[in-house]
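Examining the three-dimensional arrangement
Next come the chains, spelled out residue by residue.
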Amino acid sequence: MSGVALFSCRACGHVWQFRRAMCPACAATDIAVVEAKGGGTVWSATSVHRAPTPDLDVAGGYGIALVTLDEGPRIMARAPTDLVIGERVTVRAENGLPTIFRA
Ligand SMILES: [Zn+2]
């Protein structure tokens with residue numbers, strides 16, 4: 001399992017990333033916590049070369065990407081710096097943050 005938490009509406013099946021009191025699709029309040037299976041497709045990717053904090057200041061920069069998970073939500077995650085849009089990847093929580101690995 002990926003360790004990436006998602007939320008699912010028991011009324012309509014809509015799935016999203018961040019906790020909400022009600023479903024953003026149908027306003028139902030019967031919400032389940034589910035774990036992303038980890039599969040996804042790169043929607044956008046970039047490299048960051050000016051770190052906002054010292055812990056992110058690594059030689060060669062670091063990657064950030066938006067990944068559309070197989071469950072539907074598009075999430076931001078740490079990534080390799082050379083991902084290609086459309087590439088199949090695996091996402092799992094590492095040090096509490098969604099992180100992308102090559103599938
Ligand atoms: Zn719903």
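The preceding data block contains the structure.
In this report, the structure presented in the accompanying data block is examined.

Definitions and cut-offs
- Residues numbered from 1 in each chain as written.
- Predicted model: local features only at pLDDT ≥ 70, side-chain atom pairs only at ≥ 80, totals over all residues.
- Heavy atoms only, no water.
- Helix = DSSP H or I, 4+ residues; strand = E, 2+ residues; numbered from the N terminus.
- Contact = heavy atoms within 4.5 Å.
- Donors = N, O, S within 2.8 Å, 3.2 Å for Na, K, Ca; no water.
- Tetrahedral: all angles 85-135°; square planar, octahedral: opposite > 155°, others 65-115°.
- Buried < 20%, exposed > 50% of the residue type's maximum accessible area, 1.4 Å probe, protein only.
- Pairing = 2+ DSSP bridges.

What follows concerns the environment of Pro73. With respect to the helices and strands, Pro73 occurs in the loop between β5 (62–69) and β6 (74–79). Each C-alpha atom, one on Pro73 and one on Leu97, is 16 Å from the other, the two residues being 24 residues apart in sequence. Discounting chain neighbours no more than four positions away, the residues touching Pro73 are Leu6, Val15, Trp16, Gln17, Val67 and Thr68.

The zinc ion binds to the protein through Cys9 (SG), Cys12 (SG), Cys23 (SG) and Cys26 (SG); the donor distances cover 2.3 Å. In this structure, the zinc ion is surrounded by four donor atoms whose angles at the metal cover 105 to 115°, and the resulting shape is tetrahedral. Read from N- to C-terminus, the donor residues coordinating the zinc ion fall into the pattern C-x2-C-x10-C-x2-C. Residue Cys12 is located in the loop between β1 (5–9) and β2 (15–16), and its partner Cys23 is located in the loop between β2 and β3 (31–35); the two are separated by 11 residues in the primary sequence. The class of Cys12 is partly exposed, set by a relative accessible area of 41%.

One non-glycine residue, Ala27, lies in positive phi territory at about 70°. Mapping Ala27 onto the fold places it in the loop between β2 and β3.

Turning our eyes to something else, we now look at the sheet that holds β2. Taken in spatial order, the three strands line up as β2-β1-β3 in an open sheet, and their pairing is antiparallel. Each edge of the sheet is formed by a strand with only one pairing partner; in this case those strands are β2 and β3. In the sheet, β1 pairs with β2 via two bridges, with the strands oriented antiparallel. The residue bridging Ser8 from the neighbouring strand is Val15, located in β2.

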